[in-house]
Amino acid sequence: TTVAPAMGAAIANAMFLSGLPAVNAARKNAALGDLNPLPFPIAFGNCLGWMVYGLLLKNPFVVAANAPGLLLASYYVMTGMKLASAEQKA
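Conventions used here
- Residues numbered from 1 in each chain as written.
- Predicted model: local features only at pLDDT ≥ 70, side-chain atom pairs only at ≥ 80, totals over all residues.
- Heavy atoms only, no water.
- Helix = DSSP H or I, 4+ residues; strand = E, 2+ residues; numbered from the N terminus.
- Buried < 20%, exposed > 50% of the residue type's maximum accessible area, 1.4 Å probe, protein only.
- Contact = heavy atoms within 4.5 Å.
- Areas by Shrake-Rupley, 256 points an atom, 1.4 Å probe, with all protein chains shown as cover.
- Polar contact = N/O pair within 3.5 Å; in protein donor to acceptor, adjacent residues only side chain to side chain.

Peer 1: Help me get a handle on the overall build of the chain, residues and values and all.
Peer 2: Across its full length, the chain holds 5 helices and 0 strands. When the helices and strands of the chain are listed from N to C terminus, the series reads α-α-α-α-α. By principal-axis analysis of the C-alpha atoms, the chain measures approximately 50 × 20 × 15 Å. Counting over 90 residues, the chain shows a buried share of 28%. For the chain, long-range pairs separated by at least 24 residues make up 70% of all intrachain contacts whose partners lie at least 6 apart in sequence. For the chain, the exposed area adds up to about 5900 Å²; of that, 71% sits on carbon and sulfur atoms.

What follows is the structure, encoded as structure tokens:
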């Protein structure tokens, strides 16, 4: 039974991709504007934890669901750090 885990991985990847347009718009404008960067490191930590769990259990569905999220969250965090003002970083 691989249908449900595969669908879960696909839905998770769609969820992680949902922030990409807003982050790319912020990069284009060279400012965060109304974009709240707080969820980005939370998503990174979440994906990192699930990646470790999936690798320890050798579960390819958990890894497939979180590897793209980890990469995207890294991109989101780096963009947020680059564009954040001194006040936002404090």
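Peer 1: So what's going on with the environment of Asn66? Residues and values would help.
Peer 2: Mapped onto the elements of the fold, Asn66 is located in helix α4 (residues 60-83). Here Asn66 falls in the buried class, since its relative accessible area comes to 7%. For the pair formed by Asn66 and Phe40, sequence separation is 26 residues and the distance between their alpha carbons is 14 Å. When residues no more than four places from it in sequence are discounted, the contact partners of Asn66 are Phe16, Cys47, Trp50 and Met51. A polar contact is formed between the side chain of Asn66 and the backbone oxygen of Val62, at a distance of 2.9 Å.

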